[in-house]
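# Understanding the architecture of this molecule
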Amino acid sequence: MHSRTASCSCGQLRIEVQGEPLGTGICHCLACQRRTGSVFAALAAFAAPYEVFGAATEYVRAGDQGARFRFRFCPVCGSTVFHTEEGREPSSVAVAVGAFADPSFPPPQDSVYDCRRHPWVQLPPGIETYERDPP
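The sections below set out a description of the structure shown in this document. (Residues numbered from 1 in each chain as written. Predicted model: local features only at pLDDT ≥ 70, side-chain atom pairs only at ≥ 80, totals over all residues. Heavy atoms only, no water.)

### Focus: the layout of surface pockets
Applied cut-off: The rule is simple: put a 1 Å grid over the protein atoms alone, call a set of points where a 1.4 Å probe fits but cannot get out a cavity, call an open set with protein on both sides within 12 Å along at least five of seven lines a pocket, and count a residue as lining if it has an atom within 4 Å of a point. Grid points are joined across faces, edges and corners, and a volume is the space filled by probe spheres set on the points. In this text, helices come from DSSP runs of H or I with a minimum length of four residues, and strands from runs of E with a minimum of two, each type numbered from the N-terminal end. Residues were grouped as follows: Ala, Val, Leu, Ile, Met, Phe, Trp, Tyr, Cys and Pro as nonpolar; Asp, Glu, Lys and Arg as charged; and all remaining residues, including Gly, as polar.
Considered as a void within the structure, the largest pocket measures approximately 1100 Å³ in volume. The wall of the largest pocket is formed by 39 residues, among which Leu43, Phe69, His83, Glu85 and Asp133 lie closest to the centre. The set of elements that each furnish at least two residues to the lining of the largest pocket consists of strand 3 (23-27), helix 1 (30-36), strand 4 (41-47), strand 6 (57-62), strand 7 (68-73), strand 8 (80-85), strand 9 (92-96) and strand 10 (110-112). Grouping the amino acids of the lining of the largest pocket by side-chain chemistry returns 20 nonpolar, 10 polar and nine charged. The wall of the second largest pocket is formed by 17 residues, among which Thr36, Thr80, Ala96, Gly98 and Ala99 lie closest to the centre. Of all the secondary structure elements, the ones that give two or more residues to the lining of the second largest pocket are helix 1, strand 4 and strand 8.

### Overview of the sheet that holds strand 6
Stated formally: Here the rule is simple: two strands pair whenever DSSP picks up at least two bridges between them.
The strand order across the open sheet built from eight strands is 6-7-8-9-4-3-10-11, with neighbouring strands paired in mixed fashion. Looking at strand neighbours, the two that pair on one side only are strand 6 and strand 11 (128-129), the edges of this open sheet. Summarising the sheet, strand 3 and strand 4 pair through five bridges and their orientation is antiparallel. Note on strand 4: the bridge partner recorded for Thr24 is Ala44.

Below is the structure:
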């Protein structure tokens, strides 16, 4: 089975995932814009098992529909590397696509919070869009 490793900028925090992504997407919500310092977050979901190396600092926030997300970032360089949704931690993890540093990574399949997308951001053809987070 193919494995991929994502890491923070300094390399202290890493996560190794197995297989192909369950899905890839981008989020334009204001919380993700603030969290990433960019105009959207690019994420890829992977099924367990996954292995984490190094120390992480955590930040938990509630989504618009009440789900609680636990973001892990490097306490040294501050890069966000991955997050889990409370109640789903044992089965899957969402990894920041940029943390793989792989330009050949599969493109996003969907785009959420399109209502917050900056008008100059062009989405790939065929991507499914949602005004907010789908139920």
